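Letter by letter, the chains look like this.
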Amino acid sequence: DPARIGDRHCDGGEYNTIGCGWDGGDCIVEGYPRCHVENPSWIGNGRCAGGEYNTKECGWDGGDCKCNVEKQYLLNDGHCDGGKYNTEACEWDGGDCTEFNAEYPGCMVEKPTYLNDGHCD
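The notes below deal with the structure included here. (Residues numbered from 1 in each chain as written. Predicted model: local features only at pLDDT ≥ 70, side-chain atom pairs only at ≥ 80, totals over all residues. Heavy atoms only, no water.)

**With respect to the overall build of the protein**
- A tally of regular secondary structure across the protein gives four helices and zero strands.
- Each helix (α) and strand (β) of the protein, taken in turn from the N terminus, gives the series α-α-α-α.
- Structurally, the protein occupies a C-alpha span of about 65 × 25 × 20 Å along its principal axes.
- In the protein, which comprises 121 residues, the proportion classed as buried is 32%.
- Within the protein, contacts between residues at least 6 apart in sequence are counted, and of these 12% link residues at least 24 apart.
- Mean positive and mean negative side-chain charge positions of the protein (9 and 24 charges, respectively) differ by 5 Å. (Helix = DSSP H or I, 4+ residues; strand = E, 2+ residues; numbered from the N terminus. Buried < 20%, exposed > 50% of the residue type's maximum accessible area, 1.4 Å probe, protein only. Contact = heavy atoms within 4.5 Å. Lys, Arg positive; Asp, Glu negative; His and termini not counted. Charge placed at Lys NZ, Arg CZ, Asp CG, Glu CD.)

**Concerning the side chain of Q72**
- Position of Q72 among the secondary structure elements: in the loop between α2 (59-62) and α3 (91-94).
- A distance of 3.3 Å separates a polar side-chain atom of Q72 from the backbone oxygen of V69.
- Ignoring anything within four residues of it in the chain, the contact list for Q72 reads C48, G50, N54, C65 and C67. (Polar contact = N/O pair within 3.5 Å; in protein donor to acceptor, adjacent residues only side chain to side chain.)

**Topic: the environment of G62**
- Tracing the sequence through the fold places G62 in helix α2.
- Given the relative accessible area of 29%, G62 is considered partly exposed.
- Taking the C-alpha atoms as reference points, G62 and E103, 41 residues apart in sequence, are found 35 Å from one another.
- In this view, G62 contacts Y32, I43 and G44; residues no more than four positions away in its chain are not counted.

**A word on the packing of aromatic side chains**
- For the coordinates displayed, the defined rule picks out two aromatic pairs.
- Between F100 and Y104, the ring centres sit 5.2 Å apart and the planes meet at 40°, which makes this aromatic pair tilted.
- Residue F100 is classed as buried on the basis of its relative accessible area, which comes to 10%.
- You can call Y104 partly exposed: its relative accessible area is 24%. (Phe/Tyr/Trp six-rings, centres within 6.5 Å; stacked < 30°, edge-to-face > 60°.)

**Observations regarding the state of the cysteines**
- Under the defined criterion, the tally for this structure stands at five disulfides.
- Here C67 engages in a disulfide with C90; their sulfurs sit 1.7 Å apart. With the S-S dihedral at roughly 85°, the linkage between C67 and C90 falls on the right-handed side. One end of the pair, C67, is in the loop between α2 and α3; the other, C90, is in the loop between α2 and α3, with 23 residues separating them in the sequence.
- Taking only the cysteines that form disulfides and numbering them from first to last, the protein has the pattern 1-2, 3-5, 4-6, 7-9, 8-10.
- Of the cysteine sulfurs around C107, a residue in no disulfide, the closest is that of C80, at 9.4 Å.
- Lacking any disulfide linkage, C120 is separated from the closest cysteine sulfur, that of C107, by 13 Å.
- Exposure remark for C120: the relative accessible area of 84% places this residue in the exposed category. (Disulfide = S-S within 2.5 Å.)

As structure tokens, then:
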């Protein structure tokens, strides 16, 4: 329906394409012209949506995602994931690495589960 293009509502899907001018501009996120997502109103709404919203093009969800990791679902999942997840910005993997950090202060490894696993890694 051509009437949906440029109607001040991002219709997403087939309308949110370069051929349709990002729904006649309705799906362009202010301040992030290269950010093309299904729900532009989620950018900068105070909640980290993750996925395609948590990208450089979308300004890490308009600043909502302070912890710039691809797999947000790994945060606070009960397992210390280490690496970029075990940082202050990611609140020490959403709290998952608190015990690990207390036991091994200053040990910033990608795979914390490899420590004390009976194998010399």
